[in-house]
Amino acid sequence: MEKIIVWFTNDLRLHDHEALWRATQKNAMVIPVYCFDERHFAPIKLGFRKTGIFRAKFLLEAVANLQKNLQKIGSNLVILKGKPEVQIAALAQQIGVKAVFGSKEVCAEETAVEQELEIKLRTVGIELNLFWQATLLHLEDLPFPLQKLPDVFTDFRKNCEKIVKIRPTFKNPNKLLDFQAFSQLYPALNLPTTLPTLQELGFATTLPMQDSRAVLDFEGGETTGLQRLQHYFWDTDQLKVYKETRNGLIGADYSSKFSAWLALGCLSPRKIYEEIADYEQKRVQNDSTYWLFFELLWRDYFRLVAKKYGNKLFALSGLKGSRQALQNRTDQAVFEQWIQGKTGLPFIDANMKELQATGFLSNRGRQNVASYLVKDLHIHWQWGASYFESQLIDYDVCSNWGNWNYIAGVGNDPRENRYFNIATQAKKYDEKGEYVRLWVG
Ligand SMILES: Cc1cc2nc3c(=O)[nH]c(=O)nc-3n(C[C@H](O)[C@H](O)[C@H](O)COP(=O)(O)OP(=O)(O)OC[C@H]3O[C@@H](n4cnc5c(N)ncnc54)[C@H](O)[C@@H]3O)c2cc1C
């Protein structure tokens, strides 16, 4: 029997997983694998890890949940640690697979791994087959070539939202013969299936205690992601007021909080889209139900922008190639005050303390602290983006670096150069000072 490895990355789910579904359609034995990439946990020059403890915890839970859900259908998850391009290639050769299936990424670090793996596999006659499966819209369905992607989001949206048909979700794989065959095989091969601990990923400390002020007790995994969807749409009907509440700062339900599950692929955006459509049929269709779709389009847009512009996304001069950002400074002490929530501006400090204590921050908060760092403190925006990368539980390479480009005024939108007046923002969004009191007393 032929064998296929399904290599999981930021697609930690069974639902709407094209690579997994296609692999199970072949008459082959499917071997699901996840590889913890050691580079993701390394310290960076700015003094923190590329992946901080909140995201590491969420990731470990998500991988554990995927393994459990695979076990329920008679399979398992092989767990490796190291460089995926080395580890997956070695495993593929050891087992003698025909192909490796997985998800197609867009940014430099991820595509470098893909290319390296592809070369290694090709030299031993193994095929690498990667599927586009992280967005609502499929890359191939866009009504323009990627190089013609509009630089203004509204133009992109208007060009796509009515025209592009969102592809239906892929079914979950059933309990299949090939999985059972794999279950019998893997003890014989002695394949590793044990999750690393936080310590093994390089964290000296144990998890910080859950802060009682945190918006949510985020737990990684497809199961909890689907539960959150059920809660937000069906159990509490929050979807129908999303547009009015989405700029909130306190509590679990002012916004969907889907981002962390989306970032690791525990939730598929197309699954959310289908649930919105179902909700509109069964409950109500209004501006709020549309607005969640609208926000998911923003997420798609940043991924497409990242693919179009490549490494400019990470350059100080940004997508625009702006010289303006070059004038900013690299003052470690000022940066540290921002991180610690010690700038002296209560609204900024409250937001930074929330981020530090919980790994989450509202969209409103992110916009304000990012603008303040770049436009008021005049610190390099890349530093802020790197800190968010480490600290955010929902870090997504395209959404994070794309939003930072926008806020820093170096994005691709020629019109976009927004300045957030912090006092005005605090007055508007924290009128009674409740949020500031919650976080800075
Ligand atoms: C400086 C900065 C950095 C950011 N970094 C990230 C990041 O690393 N990961 C991330 O997922 N989002 C990021 N965002 C976007 C946004 O702040 C979060 O997606 C949102 O706050 C998550 O909360 P939610 O799931 O409750 O959002 P909701 O308001 O419920 O929105 C639903 C979903 O739409 C998408 N979405 C909403 N707003 C945006 C946006 N501006 N850009 C892209 N997608 C959006 C997200 O997937 C989100 O889960 C960033 C925004 C800024 C200003």
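Basis of the calculations
- Residues numbered from 1 in each chain as written.
- Predicted model: local features only at pLDDT ≥ 70, side-chain atom pairs only at ≥ 80, totals over all residues.
- Heavy atoms only, no water.
- Near = heavy atom within 4 Å.
- Polar contact = N/O pair within 3.5 Å; in protein donor to acceptor, adjacent residues only side chain to side chain.
- 1 Å grid on protein atoms, 1.4 Å probe; cavity = no way out; pocket = protein on both sides within 12 Å on 5 of 7 lines; lining within 4 Å.
- Sits in = over half its atoms within 2 Å of the grid points.
- Helix = DSSP H or I, 4+ residues; strand = E, 2+ residues; numbered from the N terminus.
- Salt bridge = Lys/Arg side-chain N within 4 Å of Asp/Glu carboxyl O.
- Buried < 20%, exposed > 50% of the residue type's maximum accessible area, 1.4 Å probe, protein only.
- Core = buried A, V, L, I, M, F, W, Y, C linked by side-chain atoms within 4.5 Å.
- Contact = heavy atoms within 4.5 Å.
- Pairing = 2+ DSSP bridges.
- Domains from an automatic or database assignment.
- Buried area = accessible area lost by both parts, 1.4 Å probe.
- Axes fitted to C-alpha atoms, helices over the stretch in contact; angles between N-to-C directions.
- Expected span 1.5 Å × (residues − 1).
- Points joined across faces, edges and corners; volume = space filled by probe spheres on them.
- Nonpolar A, V, L, I, M, F, W, Y, C, P; charged D, E, K, R; others polar.
- Parallel < 35°, antiparallel > 145°, perpendicular 65-115°, else oblique.
- Left-handed = near helix turned anticlockwise from the far one by under 90°.

Undergrad: Quick question: what am I supposed to make of the site of the ligand here?
TA: Close contacts around the ligand come from 26 residues, with Tyr242, Ser255, Ser256, Lys257 and Asn363 the closest. A distance of 2.5 Å is found between an oxygen atom of the ligand and a side-chain nitrogen or oxygen belonging to Tyr242. Measuring from an oxygen atom of the ligand, one finds a backbone N or O atom of Lys257 at 2.6 Å. Judged by the proximity of its atoms to the pocket grid, the ligand belongs to the largest pocket. For the shell around the ligand, the secondary structure elements donating two or more residues are α9 (259-263), α11 (287-309), α14 (363-376) and α16 (397-408). In terms of residue count, α11 provides more of the shell around the ligand than any other element does, five residues in total.

Undergrad: When you look at the pattern of salt bridges in this model, what are you seeing that I'm missing?
TA: Working definition: two side chains of opposite charge can pair if their charged atoms are close together. Per the stated rule, a full pass over the model turns up 24 salt bridges. Of the charged contacts, one joins Arg22 and Glu18 as a salt bridge, the two residues approaching to 2.8 Å between their closest N and O atoms. In this pair, Arg22 and Glu18 both sit in helix α1 (residues 18-25), four residues apart, roughly one turn of the helix. By relative accessible area, Arg22 is classed as partly exposed at 33%. Judged by relative accessible area, which is 7%, Glu18 ranks as buried. Two residues, Arg366 and Asp394, come together in a salt bridge whose shortest N-O distance is 2.7 Å. On the criterion of sequence distance, the pair formed by Arg366 in helix α14 and Asp394 in the loop between α15 (381-391) and α16 is long-range, its members being 28 residues apart. There is no split in this pair, since Arg366 and Asp394 are both buried. Several salt bridges converge on common partners, so that one network encompasses Asp37, Arg39 and Glu85.

Undergrad: I keep staring at the nonpolar core and nothing clicks. Help me out?
TA: As a rule of thumb, nonpolar side chains are buried together in soluble globular proteins. Of all hydrophobic cores here, the largest spans 124 residues; its most connected members are Leu12, Phe233, Ile272, Phe335, Trp338 and Trp381. By residue number, the principal contributor to this core is α11, which donates 11 residues. Setting aside chain neighbours within four positions, we find Trp338 in contact with Thr343, Ile348, Met352, Val369, Tyr372, Leu373, Leu377, Gly384, Tyr387, Phe388 and Trp404. Among the nonpolar cores identified, the runner-up in size contains 23 residues, and Leu80, Leu91, Phe182 and Leu191 belong to it.

Undergrad: What is the right way to read the pairing of strand β5 (residues 127-131) from this model?
TA: Judged from the five bridges that link them, strand β4 (residues 99-103) and β5 form a sheet pairing that is parallel. What sits directly across from Val100, in β5, is Leu128.

Undergrad: I'm lost on the domain arrangement of the protein in this one. Help?
TA: Quoted interface sizes are often the accessible area lost when the parts come together. Here the domain parsing of the protein yields domain 1 (2-133), domain 2 (222-310) and domain 3 (315-440). Centre-to-centre separation of domain 2 and domain 3, based on C-alpha positions: 23 Å. Taken together, the contact between domain 2 and domain 3 spans 18 residues of the former and 23 residues of the latter. Among the residues of domain 2 in contact with domain 3, Asn247, Leu249 and Phe302 are the three that bury the most area, contributing 38% of the side total. At the junction of domain 2 and domain 3, the tally comes to zero salt bridges. Here the side of domain 2 that touches domain 3 gets eight residues from one element, more than from any other, and that element is α11.

Undergrad: Looking at this structure, how should I read the sheet that holds β5?
TA: To summarise the sheet geometry, strands pair through backbone hydrogen bonds and adopt either a parallel or an antiparallel arrangement. Here we have five strands laid out as an open sheet, ordered β3-β2-β1-β4-β5, and parallel in their pairing. Edge positions in the open sheet fall to β3 (78-82) and β5, since each of these has one partner strand only. Along the sheet, successive strands turn relative to each other by an average axial angle of 30°, direction set aside. With three bridges connecting them, strand β1 (residues 2-8) and β4 associate as parallel partners. Opposite Ile4, over in β4, you have Ala99 as the bridge partner. Seen against the sheet, α1 touches β1, β2 (28-37), β4 and β5 and runs at an angle of roughly 170° to β1.

Undergrad: So what exactly am I meant to see when it comes to helix α4 (residues 108-123) here?
TA: Residue pairs spaced three or four apart in an α-helix point in one direction, given the helix's 3.6 residues per turn. Spanning 16 residues, α4 covers 23 Å between terminal C-alpha atoms, matching the ideal 22 Å at 1.5 Å per step. Close packing links the buried residues of α4 with β1, β2, α3 (84-95), β4 and β5. Looking one or two residues past α4, Gly125 carries a phi angle of roughly 75°, positive in sign.

Undergrad: I keep staring at empty space enclosed by the protein and nothing clicks. Help me out?
TA: Space left empty within the atom packing is revealed by a probe, the size of a water molecule, rolled over the atoms. If you walk through the whole model with that rule in mind, you get one cavity of 30 Å³ or more. In this structure, the largest cavity spans a volume of roughly 110 Å³. As for the largest cavity, its lining consists of 17 residues, and the residues nearest its centre are Asn10, Asp11, Gln133, Ala134 and Arg303. Those elements that provide at least two residues to the lining of the largest cavity are α9 and α11. Partitioned by chemical class, the residues of the lining of the largest cavity number six nonpolar, four polar and seven charged. Taken domain by domain, the lining of the largest cavity gets at least three of its residues from each of domain 1 (2-133) and domain 2 (222-310).

Undergrad: What is the right way to read the environment of Ala134 from this model?
TA: Note that Ala134 resides in the loop between β5 and α5 (153-160). A relative accessible area of 15% places Ala134 in the buried class. Along the chain, Ala134 and Phe36 lie 98 residues apart, while their C-alpha atoms are 19 Å from each other. Setting aside chain neighbours within four positions, we find Ala134 in contact with Pro269, Arg299 and Arg303.

Undergrad: When you look at the packing of helix α12 (residues 332-340) against α15 in this model, what are you seeing that I'm missing?
TA: Helix-helix packing: each pair is described by the crossing angle between the helix axes and the interaxial distance. In the contact formed by α12 and α15, the axes pass within 12 Å of each other and the chain directions differ by 40°. Overall, the two elements α12 and α15 adopt an arrangement that is oblique. For the pair α12 and α15, the sense of crossing is right-handed. Of α15, the residues touching α12 (which contributes Gln332, Phe335, Trp338 and Ile339) are Trp383, Gly384, Tyr387 and Phe388.

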